[in-house]
Amino acid sequence: MSLPETPYHTVPPDYFARRGLRRYAGVFSLWALGVGAVISGHYSGWNLGLLAGGWGGYALAACIIAVMYLGLVFCIAEMAAALPHTGGAYSFARASMGPWGGFVTGLCENVEYVLTPAVIVSFLATYLAAVFETPPAWLPAYWIAAYAVFVGLNVLGVELSFRVTVVITLASLACLAVFWISAFPVADFGRHALNIGAGPDGTPVELPQGGGPLLPFGLHGALAALPFAVWLFLAIEQLPLAAEEAREPSRDIPRGIVAGLLTLFVSAGLVVWLNASVAPGSFQLGSSGEPLLDGFRATFGGGLAKLLALVACVGLIASFHTILFAKGRQIYSLSRAGYFPRFLSITHPRHKTPYIALIAGSAVALGLLFALWFSMGAEKGSAVIQGMLLNMAVAGAMLSYLLQAISFLVLRARLPALARPYRSPLGRAGAAVTIVIASVTLVYQLLDPVFVSGVLGVGAWFAAGIVWFALIGRHRLVLSPEEAFALEARRSLAD
């Protein structure tokens, strides 16, 4: 039995030669890439869920999200070992659900990887403005400078990119370790972490002496905190995008991603416990844009505020740099296969990096930053950037996780004989748990009026992408490695 093949465009003989990547990364480099991508969430952003659930509600939400990521990471590790292509999530979905499934999954990740660096660079600019005492009107200058420097580093070669990743990831973990060590002797969990209570109208109130309930808003508060807890682990899933730059991807990517997640579990647990257990406590921390710096002030005093703010930039820089790496590879892979305009996948003739994809993705992010900034004004624009864009990134991630877990289940069902150098110890159960938790998280985003605007923004992004693919992209596909694998798998299934 034979099935009709997807029509692919004939490309010039040098098509793939102009889109070559260079292998370099081992397990340690991949571990650093995964941890570095996430670590800014341990510096800022995670804390915004404290007012939604109280400390106990947030901690419960973080545990639920950790279970989701455990299931997701094991699914990704198995699929990445079996399909070691740069496409990552798009590659998994393409093999299991066809071109439309691959494109929609890739579009979900595209939202996440374009917008997450924009959110991080906004936090970074706020920290740098405090250090150098520049007025708010100059924040866009920091955005441009950060993009210019770190896009440049990513363009100059995979070796340099990974070396920088390792250094700044280790530095960001060292900075956190200094805080944990300094906070432990002065931590007062009962007074500071449990200083949130529920007012008569159900809104959070500060309890100056602490001693509040562990779950001031009950189970509902814990579920409402789920979207915020995602920030503790968001972007660990990007490792498969480095598959064609890893020395032994089928072996190294599973090891790197699992080791990275275990590292993040330890760091997240210590941050949530200790950062909330020192002054000013959970209530004020719940609306802070610089929670780690607040913690440093409590342990070292305010006299070192500027130096500490500069130190705190390390974690933000680590995530900014590593997610830029992921963004470039994600756009590159979709473009190489024709889902996005093909010119985006051309790599640098000398450094073999996807420089056009990096520049184009960064230009889109900067365009959105400036549009919000100038349309809403400096103060309001900054709040929207750190709120709506963050929520859009989380919504894109949840949809991507759903589709990747479904891809795992479909591949297990349809291609049971597929060579799997690594198998998820959680199997189908891990994928099912991922689907349930990601769905609940997405529902609570829709129930929160602050999050709704972000989800609607993702909908608009999808609409534009789907129109492009329906009218143009699906008629211009190229037989890239991901596509060739999917076709071969389909033929073997038909036979």
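Throughout what follows, the structure given in this document is the object of discussion. Predicted model only: the values in this text are computed from it and were never measured.

Each neighbour pair has its own omega, and for Ala-279 with Pro-280 the value is 10°, a cis peptide bond. Considering the arrangement of structural elements, one finds Pro-280 in the loop between helix 9 (249–276) and helix 10 (282–285). The phi angle at Glu-133 is positive, at roughly 55°, despite the residue not being glycine. According to the relative accessible area criterion, Glu-133 is exposed, its value standing at 58%. The backbone of Lys-352 shows a phi angle near 55°, a positive value even though the residue is not glycine. Residue placement: Lys-352 occurs in the loop between helix 12 (305–336) and helix 13 (355–376). Residue classification places Lys-352 among the partly exposed residues on the basis of a relative accessible area of 23%.

Attention shifts here to helix 15 (residues 427–447). When the terminal C-alpha atoms of helix 15 are compared, their 31 Å separation across 21 residues agrees well with the 30 Å that a helix rising 1.5 Å per residue should span. Turning to helix 15, its buried residues are Gly-427, Gly-430, Ala-431, Thr-434, Ile-437, Ala-438, Thr-441, Leu-442, Tyr-444 and Gln-445. The arc enclosing the buried residues of helix 15, seen along the axis, measures out at 160°, which places them on a common side. Of the exposed residues in helix 15, those oriented more than 90 degrees away from the buried face are Val-436 and Leu-447.

Moving on, we come to the nonpolar core. Residues Tyr-58, Tyr-69 and Tyr-147 are the most contacted members of the largest nonpolar core, which totals 166 residues. Top element by residues in this core is helix 3 (residues 89–132). It accounts for 21 residues.

Scanning all chains against the criterion turns up eleven salt bridges. The partner of Glu-244 in a salt bridge is Arg-336, and the shortest N-O contact between them spans 2.8 Å. Placement of the pair is Glu-244 in the loop between helix 8 (226–229) and helix 9 and Arg-336 in helix 12, with a sequence separation of 92 residues. You can call Glu-244 buried: its relative accessible area is 14%. Note that Arg-251 and Asp-252 form a salt bridge whose closest N and O atoms lie 2.7 Å from each other. The class of Asp-252 is buried, set by a relative accessible area of 1%.

Interaxial distance between helix 4 (residues 139–155) and helix 13 falls to 10 Å at its minimum, and their mutual angle equals 170°. With respect to helix 13, the axis of helix 4 lies roughly antiparallel. Taking contact as the criterion, the partners of Leu-139, Pro-140, Trp-143, Ile-144, Tyr-147, Val-151, Asn-154 and Val-155 in helix 4 are, on helix 13, Tyr-355, Leu-358, Ile-359, Ser-362, Ala-365, Leu-366, Leu-369, Phe-370 and Trp-373. Grouping the constituent residues of the contact of helix 4 with helix 13 by class yields 15 nonpolar, two polar and no charged.

Looking at the secondary structure, you find Met-79 in helix 2 (residues 50–82). Using a relative accessible area of 3% as the deciding quantity, one classes Met-79 as buried. Sequence-wise, Met-79 and Ser-29 are 50 residues apart; in three dimensions their C-alpha atoms are separated by 20 Å. The residues contacting Met-79, other than those within four sequence positions of it, are Phe-92, Gln-404, Ser-407, Phe-408 and Leu-411.

Our next topic: the packing of aromatic side chains. Geometry of an aromatic ring pair is reported as the spacing of the ring centres plus the angle between the planes. Summed over the entire model, instances satisfying the criterion amount to 23 aromatic pairs. Aromatic side chains Trp-143 and Phe-370 sit 5.6 Å apart centroid to centroid with 70° between the ring planes, which places their arrangement in the edge-to-face category. Here the residue Trp-143 occupies a position in helix 4, and Phe-370 occupies one in helix 13, the gap between them amounting to 227 residues. Each ring, one from Phe-296 and one from Phe-300, has its centre 5.8 Å from the other, and the planes form 40°; the classification is tilted. Within this pair, Phe-296 and its partner Phe-300 are both found in helix 11 (residues 291–300), separated by four residues, close to a single helical turn. Residue Phe-300 is classed as partly exposed on the basis of its relative accessible area of 38%. Looking at Arg-19, its charged tip hangs above the ring of Tyr-15, at a distance of 3.7 Å from the centre.

On to the environment of Gly-101, then. Following the sequence through the fold, Gly-101 ends up in helix 3. The class for Gly-101 is buried, based on a relative accessible area of 14%. When the C-alpha positions of Gly-101 and Tyr-90 are compared, they lie 7.9 Å apart, and in sequence the two are eleven residues distant.

So, about the side chain of Ser-424. Counting through the fold element by element, Ser-424 comes out in the loop between helix 14 (378–414) and helix 15. Ser-424 gets classed as buried once you look at its relative accessible area, which sits at 7%. Here the side chain of Ser-424 touches Leu-426 through a polar contact of 3.2 Å, landing on its backbone nitrogen. Within the local environment of Ser-424, its side chain forms a polar contact with the backbone nitrogen of Gly-427, the two atoms lying 3.1 Å apart. Excluding residues that lie within four positions of it along the chain, Ser-424 makes contacts with Phe-74, Cys-75, Glu-78, Phe-408 and Arg-412.

Following the sequence through the fold, Leu-409 ends up in helix 14. What makes Leu-409 partly exposed here is its relative accessible area of 26%. Along the primary structure Leu-409 and Tyr-339 are separated by 70 residues, whereas in three dimensions their C-alpha atoms are 24 Å apart. Dropping the residues within four chain positions of it, Leu-409 is found in contact with Arg-428, Ala-431 and Ile-435.

Reading guide: rules and limits
Residues numbered from 1 in each chain as written. Predicted model: local features only at pLDDT ≥ 70, side-chain atom pairs only at ≥ 80, totals over all residues. Heavy atoms only, no water. Helix = DSSP H or I, 4+ residues; strand = E, 2+ residues; numbered from the N terminus. Buried < 20%, exposed > 50% of the residue type's maximum accessible area, 1.4 Å probe, protein only. Expected span 1.5 Å × (residues − 1). Arc of directions from axis to C-beta. Core = buried A, V, L, I, M, F, W, Y, C linked by side-chain atoms within 4.5 Å. Salt bridge = Lys/Arg side-chain N within 4 Å of Asp/Glu carboxyl O. Axes fitted to C-alpha atoms, helices over the stretch in contact; angles between N-to-C directions. Parallel < 35°, antiparallel > 145°, perpendicular 65-115°, else oblique. Contact = heavy atoms within 4.5 Å. Nonpolar A, V, L, I, M, F, W, Y, C, P; charged D, E, K, R; others polar. Phe/Tyr/Trp six-rings, centres within 6.5 Å; stacked < 30°, edge-to-face > 60°. Lys NZ or Arg CZ within 6 Å of the ring centre and 35° of its normal. Polar contact = N/O pair within 3.5 Å; in protein donor to acceptor, adjacent residues only side chain to side chain.

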